Amino acid sequence: MFRKVLIANRGEIALRIHRACKEMGISTVAIHSTADADAMHVRLADESVCIGPPPAGRSYLNIPAVISACEVTGAEAIHPGYGFLSENAAFVQVVEDHGLAFIGPTAEHIRVMGDKIAAKDTMKALGVPCVPGSDGGVATVEEAMEVAKEMGFPVLVKAASGGGGRGMKVAETADDLAVAFSSARSEAKAAFGDDTVYIEKYLGRPRHIEIQVFGDGMGRAVHLGERDCSLQRRHQKVFEECPSPALDAARRAEIGKTCAEAVAAMNYRGAGTIEFLYENGEFYFIEMNTRLQVEHPVTEAVYRVDLVKEQLRVAAGEGMTMRQEDLVPVGHAIECRINAERLPSFAPCPGEITAFHAPGGLGVRMDSGIYDGYRIPPHYDSLIGKLIVHAEDRPAALARLDRALSELIVDGIDTTAPLFDALVHDPAVISGDYDIRWLEGWLEQMTA
Ligand code: ADP
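Residues numbered from 1 in each chain as written. Predicted model: local features only at pLDDT ≥ 70, side-chain atom pairs only at ≥ 80, totals over all residues. Heavy atoms only, no water.

Engineer: With reference to specific residues and values, describe the sheet that holds strand β7 (residues 168-171).
Structural biologist: Neighbouring strands of a sheet are bound in pairs by backbone hydrogen bonds; such pairs are parallel or else antiparallel. Judged by pairing direction, the sheet is antiparallel, and its 3 strands sit side by side in the order β7-β6-β8 without closing on themselves. Each edge of the open sheet carries a strand with a single partner, namely β7 and β8 (197-201). Pairs of neighbouring strands in the sheet enclose a mean axial angle of 25 degrees, with direction left out of account. Across 4 bridges, strand β6 (residues 155-159) lies against β7 in antiparallel orientation. (Pairing = 2+ DSSP bridges. Helix = DSSP H or I, 4+ residues; strand = E, 2+ residues; numbered from the N terminus. Axes fitted to C-alpha atoms, helices over the stretch in contact; angles between N-to-C directions.)

Right under this line is the structure:
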């Protein structure tokens, strides 16, 4: 096992990785920008290195600075967390060229899955069901029109390099296609430096269901069921649960097996998530994320595993301890993303936290780097914590979430916690009957 690991991230996920390392006897190196000198993960890590000023481009995304921090401290491996450098194939190459281990998949797997067209082709060839669409990129509006007419409107124009919901435009009818096509292209060019787009059937009211997979890089892989992340605002997940209220054990086993076999065939290494839209009982692959996800704790609760420890073992060449036959889901888990944002606009609300009390008790986990007196810097995303509950079934998990939320105190700033106070009592949430558009509609009604 590694003796020392560098954590190339910040916030709650940096702390999450630190905790797994400590329990395995691994010393940790935190890197941070000048804005994060007082962060909890920096305080708790065995060593820390300031790698630059607040803008992420000059600190957390500065590859030479990250590599230098490894060399200075003698860290042998880098855990990238999520976001930042976690899905940057060029970074993985540099890490390996320096004789360091990257705690994640190979550069090649990241590259293929980072290109949504190549990802879809790969998955299709491996028997994973995909959203109907164009065969690869479409270069002209005429070509787009041909594909769309054959498939039927509405269609979605999507950027091959897209992420974070950018470079994605809906064309309801043939009249909208030219505008959707050119605006998706220019948005993609501006955001990703690549204007390749493709066409997909636009699904009306699907759920977002994703399968957690894990491979040992040597042809063995498992699945850890699904997460339902249908409660979204602007294509961003807000509330996630495991298992999905929409699947039964047979359907779960079937799609799980398809996904595990696909990643085994790829010789995939480490944690990955295969994302699907789910409508009328059918799964449609949209993308694969080649990293640990924000919402991984709901899977950990229900499958009783530590995904970060497993990532560390596989990266260190010790192999995977998980076996499919042992991965039996127990109970129900829900995660709420607590953001420093002011409702109802969701405007970022950085500032000083004057009081913080984390809920506790049986089945409650709070992953957060905040503390009394902590000042949230304005430079990064607004996630300040994740509240995760686990109980014997879905009604008990909702009751536990309600109880845990009543204990949470974050004073000095506004957070999205009140949103969840309302959601846990909503009939649609209680029944589990919602899709990816439901929350937007609910929010509109609440503010009307
Ligand atoms: P990104 O990488 O930008 O997050 P994804 O392909 O993962 O893009 O899609 C993000 C979200 O956009 C999905 O969770 C879903 O809400 C919506 N979406 C994506 N593809 C489709 C589609 N074909 N039909 C309807 N909605 C879609």
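Engineer: If you had to explain the pairing of strand β1 (residues 4-7) to someone new, which residues and values would you point to?
Structural biologist: The side chains of a regular strand alternate between the sheet's two faces. A two-sided burial pattern is seen for β1, the buried positions comprising Lys4 and Leu6 on one face and Val5 and Ile7 on the other. As paired strands, β1 and strand β2 (residues 27-33) are joined by 4 bridges and run parallel to one another. The residue of β2 that forms the bridge with Val5 is Thr28. (Buried < 20%, exposed > 50% of the residue type's maximum accessible area, 1.4 Å probe, protein only.)

Engineer: Tell me about the packing of aromatic side chains, residues and numbers included.
Structural biologist: Counted by the stated rule, this structure contains 9 aromatic pairs. Consider the rings of Tyr60 and Tyr380, whose centres lie 5.7 Å apart with planes at 85 degrees: the pair is edge-to-face. Pair noted here: Tyr60 is in the loop between β3 (47-52) and α3 (63-73) and Tyr380 is in the loop between β20 (375-376) and β21 (383-391), with a separation of 320 residues, a long-range link. Note on Tyr60: relative accessible area 0%, which makes it buried. A residue is classified by how much of its surface remains accessible, and Tyr380, at 13% relative accessible area, is buried. For the ring pair Phe276 and Phe285, a centre distance of 6.3 Å and an interplane angle of 75 degrees mean the geometry is edge-to-face. Residue Phe276 is classed as buried on the basis of its relative accessible area, which comes to 0%. (Phe/Tyr/Trp six-rings, centres within 6.5 Å; stacked < 30°, edge-to-face > 60°.)

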